[in-house]
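Each chain, written out:
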Amino acid sequence: MKKFLILIAAALFAIAATSCQKHGNIGTDSIPDNILKSFSEMYPEASNVNWGIKGQYAVANFTLPQTPRGGNNAWYEKSGGHWGMTERDINYEMLPEAVRNAFESSEYAQWKIDDIDMIERHGVDAIYVIEVEGTLEGRPVEIDLYYSPDGILVKKVIDAEDGYDYGDFIIPEPSGSIEDFIRRNYPEARIIDIDIEHGCTEVEIIDGRTVRELLFDGNSSWIYTKTEIRHSEIPQNIMDIFNSSEYSAYRIDDTDHYTTAEKGEFYRFELEGPGDDLEIDIYADGTITVVENGWDGPGTGGSDTEGSIERFIEENYPGARIIERDYDDGYIEVEIFHDGREKNIYFNGREEWVWSEWDIRRQELPQAVSDAISSDYPDYRIEDCEYVESPQGQWYLIEIEKGDREIELRISPDGVYI
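Residues numbered from 1 in each chain as written. Predicted model: local features only at pLDDT ≥ 70, side-chain atom pairs only at ≥ 80, totals over all residues. Heavy atoms only, no water.

*Asks:* Could you give an account of the sheet that holds strand E22 (residues 381–390), with specific residues and numbers?
*Replies:* Strand order in the open sheet formed by seven strands is E18-E19-E20-E21-E22-E23-E24, and the pairing between neighbours is antiparallel. The open sheet has two edge strands, strand E18 (321–328) and strand E24 (405–411), and neither has a second partner. Sheet twist, expressed as the mean angle between neighbouring strand axes with direction ignored, is 20°. As paired strands, strand E20 (residues 341–347) and strand E21 (residues 353–359) are joined by four bridges and run antiparallel to one another. (Pairing = 2+ DSSP bridges. Helix = DSSP H or I, 4+ residues; strand = E, 2+ residues; numbered from the N terminus. Axes fitted to C-alpha atoms, helices over the stretch in contact; angles between N-to-C directions.)

As structure tokens, then:
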């Protein structure tokens, strides 16, 4: 038995030590001297070093005394030799105390921990990624939980792509004016991510313990700052405006606070209720505007996705206009406008389609569905209807209510409860 365990350990070590081979192992004579020098200065205790190429980066896979299993990868720009990122495979005990406390008080504390990575990048704080395995809505999933050093959960990804190496997590160099703007307006903030897409720069920061998203145009001019807020954080004057409006019968699903260069300050409400869902912007002076077709803040618009997700949408929702792409509770949510209505399409971290959903009117329900509800719940009123389709099938998600009692039904198109 002891010999068998030793063989297993040796095999695991060999796998870890060669994990960079997917980049194509190459000799050090193919790596620029300035990169080799920078690496040796940063990691003088490194052993079992293997070099490979990944896109525009030279990547070193190596072992450190404190991480004997290997699994460390340092990324350097091939052109200038600048260090961009190091991914380190660490033990749970190596996590900052604040991260351990945050995880242990989270809903995932009892899930199985599969792996822990520490992501160090140029110019920003480290990020700690705890990969956990468990069951969500009756199916097994893997979730990557991204924590800041002080224990703030900044991101989560469900079922990330196999072999994901954080290559798209490297921070591009922002313009000086963007950094100046952040220093002036958010002097205590820390940058945690920067994305440059479609000519705009999106910067995610932690301001105190609040995560904010800033958008800048192609000239590095500030467009807006967006902050997701809880229902309890909505100012009372804004709630008074909402409660006295024609939209007060709607249920508030989500709220964001916007500060913008073009339109000033407002609160965006995502609403669910009778008829279609909608979004409205409420200003302190009492002005309310309806967000047309998912317009996402001043100066934005157009497609915000690419690759397999875009191909899926083109094939399954021909003619759709992509409005917005974002993470929603670990899934990639792509909002589209198709056939005259907004639809939400969800993908996992591998960019595999998980489900689609959109609001429908009561009169659009199949007769079999309406008959089933009226037969089994004759005294209930239909509050909301959604159509859902997934690789497992299609169904209607219907909220009904009677007085203070609410029930959510899942019914197939032929009237069978799921």
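The structure having been displayed, the exposition proceeds.
*Asks:* Explain the pairing of E22 residue by residue, including any values.
*Replies:* For E22, a buried count of nine out of 10 residues is recorded, marking the element as mostly surrounded by other parts of the structure. Bridge count for E21 against E22 is four bridges, and the pairing is antiparallel. Pairing of Asp359 across the sheet is with Glu386, part of E22. Linking E22 back to strand E23 (residues 393–402) in an antiparallel pair, the connection comprises two residues. (Buried < 20%, exposed > 50% of the residue type's maximum accessible area, 1.4 Å probe, protein only.)

*Asks:* Describe the pairing of strand E15 (residues 264–272), and please don't skip the residues or the numbers.
*Replies:* Of the pairings in the sheet, the one linking strand E14 (residues 251–260) to E15 comprises nine bridges and is antiparallel in character. Across the sheet, Asp254 pairs through a bridge with Glu270, a residue of E15. Count of turn residues in the E14/E15 antiparallel hairpin: three residues.

*Asks:* Describe the side chain of Asn72, listing the residues and the values that go with them.
*Replies:* When you line up the elements, Asn72 lands in strand E4 (residues 67–77). Non-local contacts of Asn72, meaning those with residues more than four positions away in its chain, are made with Ala60, Asn61, Phe62, Thr63, Leu64, Thr67, Glu87, Arg88 and Asp89. (Contact = heavy atoms within 4.5 Å.)

*Asks:* Please provide a residue-by-residue account of the pattern of salt bridges, values included.
*Replies:* Enumeration over the complete set of coordinates arrives at 20 salt bridges. Between Glu272 and Arg251 there is a salt bridge whose closest N-O contact spans 2.5 Å. Here Arg251 lies in strand E14 and Glu272 lies in strand E15, a separation of 21 residues in the sequence. Judged by its relative accessible area of 43%, Arg251 falls in the partly exposed class. Here Asp281 and Arg268 are joined by a salt bridge, their closest N and O atoms 2.7 Å apart. (Salt bridge = Lys/Arg side-chain N within 4 Å of Asp/Glu carboxyl O.)

*Asks:* Provide a residue-level description of unusual backbone geometry, including the pertinent values.
*Replies:* Here Asp159, not a glycine, exhibits a phi torsion of approximately 50°, which is positive. Backbone geometry places Glu351, a non-glycine residue, at a positive phi of 65°. Relative to the helices and strands, Glu351 is located in the loop between E20 and E21.

*Asks:* Give me the lowdown on the environment of Glu333, citing residues and values where you can.
*Replies:* Position of Glu333 among the secondary structure elements: in strand E19 (residues 331–338). For Glu333, a relative accessible area of 18% gives the class buried. The sequence separation of Glu333 and Ile345 amounts to 12 residues, and the corresponding C-alpha distance is 5.8 Å. Not counting the four nearest positions on each side in its chain, Glu333 is found in contact with Glu324, Arg325, Asp326, Asp328, Asn344, Ile345 and Tyr346. Only 3.2 Å separates the side chain of Glu333 from the side chain of Tyr346, close enough to count as a polar contact. (Polar contact = N/O pair within 3.5 Å; in protein donor to acceptor, adjacent residues only side chain to side chain.)

*Asks:* Mind laying out the packing of aromatic side chains, listing which residues take part and the relevant values?
*Replies:* Under the counting rule described, the total for this entry stands at 29 aromatic pairs. With centroids separated by 5.2 Å and ring planes inclined at 45°, the aromatic side chains of Phe266 and Tyr283 adopt a geometry described as tilted. Residue Phe266 is located in strand E15, and its partner Tyr283 is located in the loop between strand E16 (278–282) and strand E17 (288–290); the two are separated by 17 residues in the primary sequence. On the accessibility criterion, Phe266 (0% relative accessible area) is buried. Aromatic ring contacts, followed pair by pair, group Phe312, Tyr317, Phe347, Trp353, Trp358, Tyr387 and Tyr396 into a single cluster. Cation over ring: Arg121 sits above Phe169, and NZ or CZ is 4.1 Å from the ring centre. Seen from the ring of Tyr146, Lys155 lies directly overhead, with NZ or CZ sitting 5.1 Å from the centre. (Phe/Tyr/Trp six-rings, centres within 6.5 Å; stacked < 30°, edge-to-face > 60°. Lys NZ or Arg CZ within 6 Å of the ring centre and 35° of its normal.)

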